[in-house]
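Structural overview
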Amino acid sequence: MTASEKAKAKTEQAKGKTKETVGSAIGNDRMAAEGQAEKSTGDAREAKEKTKDAFKH
């Protein structure tokens with residue numbers, strides 16, 4: 001996993017989790033859903049990079 005892609009995935013996951021938590025706390029369902037989607041995008045990016053790494057070795 002390249003360092004920049006790994007960092008991007010972790011950033012998306014953290015940003016999404018934060019947005020999801022804040023949205024839930026203030027009762028903003030749209031913000032919570034956007035946060036969950038961002039977190040899922042980060043999870044998918046991380047999984048893709050891990051898969052690429054597995055085939056390199």
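Please refer to the structure placed before this passage.
First, a word on what this report is: a plain description of the structure on this page. Bear in mind that the values here come from a model prediction, so they are computed numbers and not experimental data.

Reading the values: rules and limits
Residues numbered from 1 in each chain as written. Predicted model: local features only at pLDDT ≥ 70, side-chain atom pairs only at ≥ 80, totals over all residues. Heavy atoms only, no water. Salt bridge = Lys/Arg side-chain N within 4 Å of Asp/Glu carboxyl O. Helix = DSSP H or I, 4+ residues; strand = E, 2+ residues; numbered from the N terminus. Axes fitted to C-alpha atoms, helices over the stretch in contact; angles between N-to-C directions. Parallel < 35°, antiparallel > 145°, perpendicular 65-115°, else oblique. Left-handed = near helix turned anticlockwise from the far one by under 90°. Nonpolar A, V, L, I, M, F, W, Y, C, P; charged D, E, K, R; others polar. Buried < 20%, exposed > 50% of the residue type's maximum accessible area, 1.4 Å probe, protein only. Expected span 1.5 Å × (residues − 1). Contact = heavy atoms within 4.5 Å.

Here's the deal with the pattern of salt bridges
- Considering all chains together, one arrives at nine salt bridges under this definition.
- The salt bridge partner of Arg45 is Glu12, with a shortest N-O separation of 3.1 Å. Here Glu12 lies in helix H1 (residues 3-26) and Arg45 lies in helix H2 (residues 29-56), a separation of 33 residues in the sequence.
- The salt bridge involving Glu38 is made with Lys19; its shortest N-O contact spans 3.1 Å. With Glu38 in helix H2 and Lys19 in helix H1, this pair connects stretches of sequence that are 19 residues apart.
- In this structure, a network of salt bridges that share partners links the residues Glu5, Lys8, Glu12 and Arg45.

Topic: the packing of H1 against H2
- Viewed as axis vectors pointing N to C, H1 and H2 meet at an angle of 160°, and their least axial separation amounts to 7 Å. In terms of orientation, H1 lies roughly antiparallel with respect to H2. By crossing handedness, the relation of H1 to H2 is classed as left-handed.
- The class makeup of the residues in the contact of H1 with H2 is five nonpolar, eight polar and 15 charged.

Examining the environment of Glu46
- Mapped onto the secondary structure, Glu46 falls in helix H2.
- The exposure class of Glu46 is buried, given its relative accessible area of 15%.

Focus: H1
- Counted at 1.5 Å a residue, the expected span for H1 with its 24 residues is 34 Å, and the 34 Å between its end C-alpha atoms agrees.
- Along H1, the residues that are buried comprise Glu5, Ala9, Glu12, Gln13, Gly16, Glu20 and Gly23.
- Elements in contact with the buried residues of H1: H2.
- Phi turns positive one or two residues past the end of H1, at Gly27, with a value near 80°.

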